[in-house]
Amino acid sequence: MSNKLTTKFYNKNSYIKRMKIFFSKKELKSYRNCFLSERKKYFNYFKINKSKNLLDVGTGKNSIALSKFFRNIHHFDISNSHHKYLKKIKSKQKKNIITKKADIENHNLKKYFYDFINLDGVVMHTNSPQKMLINVFESLKKDGVMKIFIYKRGSLKFILVEFLRELIKKNRLKIQSPYKNNIANWLLDDDLYVPYIRFYDDKELLNFLSKLNNNNKKNIKKKNVNLLKSIDTKNFHHGETFFIKKSNNIGNKNKKFSIKDRTQLNKNFLKKDRFFYKECGDIMLKILKQKFKNKTLLKISIVNIYKICLKSNFDPNYDYIKKIKLLKNELKILRLN
């Protein structure tokens with residue numbers, strides 16, 4: 001199976017069509033500063049000069065933001081909208097960017113060519129993350145860096161997102177966004193309807209990345225990764241990042257190693273956060289098994305719970321107990337439906 005469903009989704013729900021601000025000077029500067037800050041903390045051995053090659057997969061914003069730091073930038077995305085927009089910008093000002101509409105899982109990349117590979121918010125949306133990572137990693141030079149940003153399993157936002165996606169799927173619902181804000185509208189569609197959102201156990205993912213890099217864990221740096229806890233609805237950030245420095249160009253000849261995504265919606269996992277399970281987790285699992293009489297009320301509750309997701313996303317200081325109380329009230333309404 002290919003990424004045709006994801007291609008179709010992002011052609012319709014592209015950043016370009018929904019959020020012009022996404023490519024604003026302010027956003028581009030913010031991403032550049034983030035790159036420099038992460039380099040200083042996680043891969044300061046990486047020297048910035050105009051002789052290096054970058055592979056960037058995704059919307060194209062990051063390609064534009066980082067174009068001043070690299071000689072050549074090869075951008076790939078499965079969305080025709082993103083590809084066309086970047087091609088338009090390139091013709092005007094960014095001459096060192098080459099953009100292609102392609103599925104990076106299967107595309108034939110140059111071996112040992114790239115100094116930096118940027119997979120920012122990409123891996124968890126692909127049909128076969130394992131296949132994509134193996135393919136992409138072979139194109140990285142020795143001592144090159146691959147950045148992987150993914151959603152955080154065990155965070156409040158993405159436990160709720162997975163819960164809502166299951167309700168929508170089982171009940172075949174289409175949720176109308178209540179927001180006037182384009183960013184909130186796009187986030188709702190992206191969180192609830194993108195074909196794939198995959199979540200990983202941190203230890204399993206670290207083990208996979210280590211095998212990918214010839215069993216070298218020392219060359220993997222982690223941001224917002226907690227190997228001691230798999231769930232913490234109060235404190236976990238909604239995303240985490242891995243930075244892998246490639247050990248050599250030999251490659252791991254044993255391609256049988258694999259990585260599987262893991263659900264968050266089971267009793268054993270949710271009980272690891274005792275307070276959350278007692279207040280909300282147990283009710284959520286019961287709700288997933290019930291049939292609903294009133295689909296209109298179900299849709300209203302889904303929207304209200306998603307608003308709690310956005311609070312977790314944009315306002316990490318928003319009172320945790322207050323969020324749990326709001327969530328518990330909505331879950332009680334669902335149980336009565």
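See the structure shown above.
What comes next concerns the included structure. (Residues numbered from 1 in each chain as written. Predicted model: local features only at pLDDT ≥ 70, side-chain atom pairs only at ≥ 80, totals over all residues. Heavy atoms only, no water.)

## Regarding the packing of aromatic side chains
Then, in step 1: Enumeration according to the criterion identifies 15 aromatic pairs in this entry.
Then, in step 2: Note on F113 and Y114: the rings are 5.0 Å apart at their centroids and 85° apart in plane angle, and the pair reads as edge-to-face. One exposure class covers both F113 and Y114, and it is buried.
Then, in step 3: A connected cluster of aromatic rings, assembled from ring pairs, spans F35, Y42, F43, F46, F69, F70, F116 and F243.
Then, in step 4: Taking NZ or CZ as reference, K52 lies 4.2 Å from the ring centre of F46, over its face.
Then, in step 5: Here the basic side chain of R153 rests over the ring of F269, its NZ or CZ set 4.0 Å away from the ring centre. (Phe/Tyr/Trp six-rings, centres within 6.5 Å; stacked < 30°, edge-to-face > 60°. Buried < 20%, exposed > 50% of the residue type's maximum accessible area, 1.4 Å probe, protein only. Lys NZ or Arg CZ within 6 Å of the ring centre and 35° of its normal.)

## What about the layout of surface pockets?
Then, in step 1: Computed from the structure, the second largest pocket encloses a volume of approximately 450 Å³.
Then, in step 2: Residue lining of the second largest pocket: 16 residues in total, with R165, E166, K169, V194 and P195 positioned closest to the centre.
Then, in step 3: Sorting the residues of the lining of the second largest pocket by element identifies α7 (156-171) and α8 (182-193) as the ones contributing at least two each.
Then, in step 4: Residue composition of the lining of the second largest pocket, grouped by class: eight nonpolar, one polar and seven charged. (1 Å grid on protein atoms, 1.4 Å probe; cavity = no way out; pocket = protein on both sides within 12 Å on 5 of 7 lines; lining within 4 Å. Points joined across faces, edges and corners; volume = space filled by probe spheres on them. Helix = DSSP H or I, 4+ residues; strand = E, 2+ residues; numbered from the N terminus. Nonpolar A, V, L, I, M, F, W, Y, C, P; charged D, E, K, R; others polar.)

## Quick notes on the environment of H75
Then, in step 1: Tracing the sequence through the fold places H75 in strand β2 (residues 72-77).
Then, in step 2: Considering only alpha carbons, one finds H75 and L55, 20 residues apart in sequence, at a separation of 6.0 Å.
Then, in step 3: Non-local contacts of H75, meaning those with residues more than four positions away in its chain, are made with D56, G58, T59, G60, S63, L86, I97, I98, T99 and K100.
Then, in step 4: A polar side-chain atom of H75 sits 3.4 Å from the main-chain amide nitrogen of G60.
Then, in step 5: Only 2.8 Å separates the side chain of H75 from the side chain of T99, close enough to count as a polar contact. (Contact = heavy atoms within 4.5 Å. Polar contact = N/O pair within 3.5 Å; in protein donor to acceptor, adjacent residues only side chain to side chain.)

## Observations regarding the pairing of strand β4 (residues 114-120)
Then, in step 1: Here β4 lies mainly inside the structure; six of its seven residues are buried.
Then, in step 2: Two strands pair when backbone bridges link them, and strand β1 (residues 53-57) and β4 are joined in this way by four bridges, in the parallel orientation. If you follow L54 over to β4, its bridge partner there is F116.
Then, in step 3: Pairing between β4 and strand β5 (residues 140-151): six bridges, direction parallel. What sits directly across from I117, in β5, is M146.
Then, in step 4: Regarding topology, helix α6 (residues 129-137) serves as the crossover connection from β4 to the parallel β5, and that connection is right-handed. (Pairing = 2+ DSSP bridges. Right-handed = clockwise from strand over helix to strand, strands pointing away.)

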